[in-house]
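Observations on chain architecture
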Amino acid sequence: MENKEYQFKTNLNCGGCVSKVQTDLDSADGICHWHVDTDNADKILTVSSKGITKDEVVAIIQRKGFKAEPMG
């Protein structure tokens, strides 16, 4: 399966917010790397996927009480 890169507009505003989703994203099947740009006004979450879908990433973020909206 080809690796894909997804980007999401989120409300992960700071390192504390990111740390709340870190364990779930780190342990999710199908994610090889992820990063949140908290300096960007849209708080962009970039996920390098090796099988996970956009909907699955959104569900992980939402389970932790945050929002994620796929871009593009």
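Reference entry: report on the structure contained in this document.

Conventions adopted
- Residues numbered from 1 in each chain as written.
- Predicted model: local features only at pLDDT ≥ 70, side-chain atom pairs only at ≥ 80, totals over all residues.
- Heavy atoms only, no water.
- Buried < 20%, exposed > 50% of the residue type's maximum accessible area, 1.4 Å probe, protein only.
- Helix = DSSP H or I, 4+ residues; strand = E, 2+ residues; numbered from the N terminus.
- Arc of directions from axis to C-beta.
- Contact = heavy atoms within 4.5 Å.
- Phe/Tyr/Trp six-rings, centres within 6.5 Å; stacked < 30°, edge-to-face > 60°.

By the burial criterion, the buried members of helix α2 (residues 54-63) are V57, V58, I60 and I61. The arc enclosing the buried residues of α2, seen along the axis, measures out at 160 degrees, which places them on a common side. α2 presents D55 and R63 as exposed residues on the side facing more than 90 degrees away from its buried surface. Looking at the buried side of α2, the elements it contacts are β1 (4-10), α1 (15-27), β3 (44-49) and β4 (68-70). At the C-terminal side of α2, G65 shows a positive phi close to 90 degrees.

Once that is clear, we can look at the packing of aromatic side chains. Centre-to-centre distance and the angle between the planes together describe a pair of aromatic rings. For the coordinates displayed, the defined rule picks out one aromatic pair. Summarising the aromatic geometry, the rings of Y6 and F8 are spaced 6.4 Å apart at their centres and angled 75 degrees between planes, so their arrangement reads as edge-to-face. An identical accessibility class is assigned to Y6 and F8; each is buried.

Keep in mind that these numbers describe shape and distance, not what the molecule does.
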